[in-house]
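Below, each chain spelled out in residue letters.
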Amino acid sequence: MNLRPLAVSLAFAGIALAATTGAPSVRLATGFVAAVPPGSTTSAAYVTLKNTSNQAVRLTAVKTTLAGHALLMQTTHPGHEADGMIGMRKVAALVIPAKGQLVMKPDGNHVMLMDLKRVPKEGERVNVTFTFSTGTLIVSLPVRRPV
Ligand SMILES: [Cu+2]
């Protein structure tokens, strides 16, 4: 009995599995988690994500052990601070255009970190898991003050 062909096919199966779960066609260009004062219960993460594929990719969920909930949000009425109408709304997904990028920033799209389990300290790194229509990406983000 020759076991070699079986071992080879299992090895290929392993490679195929890794490719389908670990290749969302998106990479992190830059990003950070905002440092917040002691006692804070919310913070935010801001990332720039690049889509390397020829098709639009949807970012549908974010998760981190730092926070009870992480929500995708858009800032509404940016630039109308005088109205006192700066607001945020939760969105089901943010789209990264084909061969394009999604830029998050304090007055724009962001990931709201709610129900903080602890206050993120400036200089530490936090693991954040991004779920896309194409797969999952886990990144390590530094904690710093928003500019
Ligand atoms: Cu928000």
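As a convention, each chain's residues are numbered from 1 in the sequence order in which they are written. Local features are withheld for residues below a pLDDT of 70 in this predicted model, meaning they are given only at 70 or higher, and side-chain atom pairs are given and counted only at 80 or more; totals for whole chains, interfaces and linings count all residues.

As named in an unreviewed UniProt entry, the protein is Copper(I)-binding protein, taken from Deinococcus yavapaiensis KR-236.

Caption draft 1: Region of interest: the environment of Arg 145. Put simply, DSSP H or I for four residues or longer makes a helix, DSSP E for two residues or longer makes a strand, and each gets a number counted from the N terminus. With respect to the helices, strands and loops of the structure, Arg 145 is situated in the segment after strand E10 (135-144). Overall, Arg 145 belongs to the exposed group, with 9 C-beta atoms counted inside 10 Å. In the structure, Arg 145 is positioned 111 residues away from Ala 34 in sequence and 5.3 Å away in space, judged by C-alpha atoms. Setting aside residues up to four positions removed in sequence, Arg 145 forms contacts with Ala 35 and Glu 122. Residue burial is a threshold on neighbouring C-beta atoms within 10 Å of the residue's own C-beta, all placed from the backbone, with 20 or more meaning buried, 12 or fewer meaning exposed, and counts in between meaning partly exposed. Note on contacts: each residue gets a C-beta atom placed from the backbone, and two residues are in contact if those atoms are within 7 Å.

Caption draft 2: Here's a closer look at the nonpolar core. A set of buried Ala, Val, Leu, Ile, Met, Phe, Trp, Tyr and Cys residues, joined through C-beta atoms within 7 Å, is what we mean by a nonpolar core. Among the nonpolar cores identified, the biggest contains 26 residues, and Ala 45, Leu 59, Val 111 and Leu 113 are the most heavily contacted of them. Put simply, the parts of the chain that give this core at least two residues each are strand E1 (26-34), strand E2 (43-51), strand E3 (57-63), strand E4 (67-76), strand E6 (94-96), strand E8 (110-116), strand E9 (125-132) and E10. If we skip the residues at most four places from it in the chain, Val 111 touches Ala 44, Ala 45, Val 62, Ala 70, Leu 72 and Met 104.

Caption draft 3: Region of interest: the environment of Arg 118. Secondary-structure assignment places Arg 118 in the loop between E8 and E9. Taking the C-alpha atoms as reference points, Arg 118 and Ser 40, 78 residues apart in sequence, are found 8.6 Å from one another.

Caption draft 4: Quick look at unusual backbone geometry. The backbone phi angle of Ser 25 is positive, close to 65°, even though this residue is not glycine. Residue position: Ser 25 is located in the loop between helix H1 (4-22) and E1. You will see that Asp 115, though not glycine, has its phi angle at about 50°, which is positive.

Caption draft 5: Looking closely at the pairing of E2. Between any two strands, at least two bridges found by DSSP are needed for them to pair. Where E1 and E2 come together, seven bridges link them in antiparallel fashion. Looking at the pairing, Leu 28 lines up with Leu 49 of E2. Of the pairings in the sheet, the one linking E2 to E8 comprises three bridges and is antiparallel in character. In the strand pairing of E8, Ala 44 is matched with Met 112. In terms of strand pairing, E2 meets strand E7 (residues 101-103) through three bridges, oriented antiparallel. Residue Leu 49 lies in a different strand from E7, and its bridge partner there is Leu 102.

Caption draft 6: Just the pairing of E3, in detail. In the sheet, E3 pairs with E6 via three bridges, with the strands oriented antiparallel. Across the sheet, Val 57 pairs through a bridge with Ile 96, a residue of E6. As judged from the four bridges shared by E3 and E9, these two strands associate in the antiparallel manner. Residue pairing for E9: Val 62 is matched across the bridge by Phe 130.

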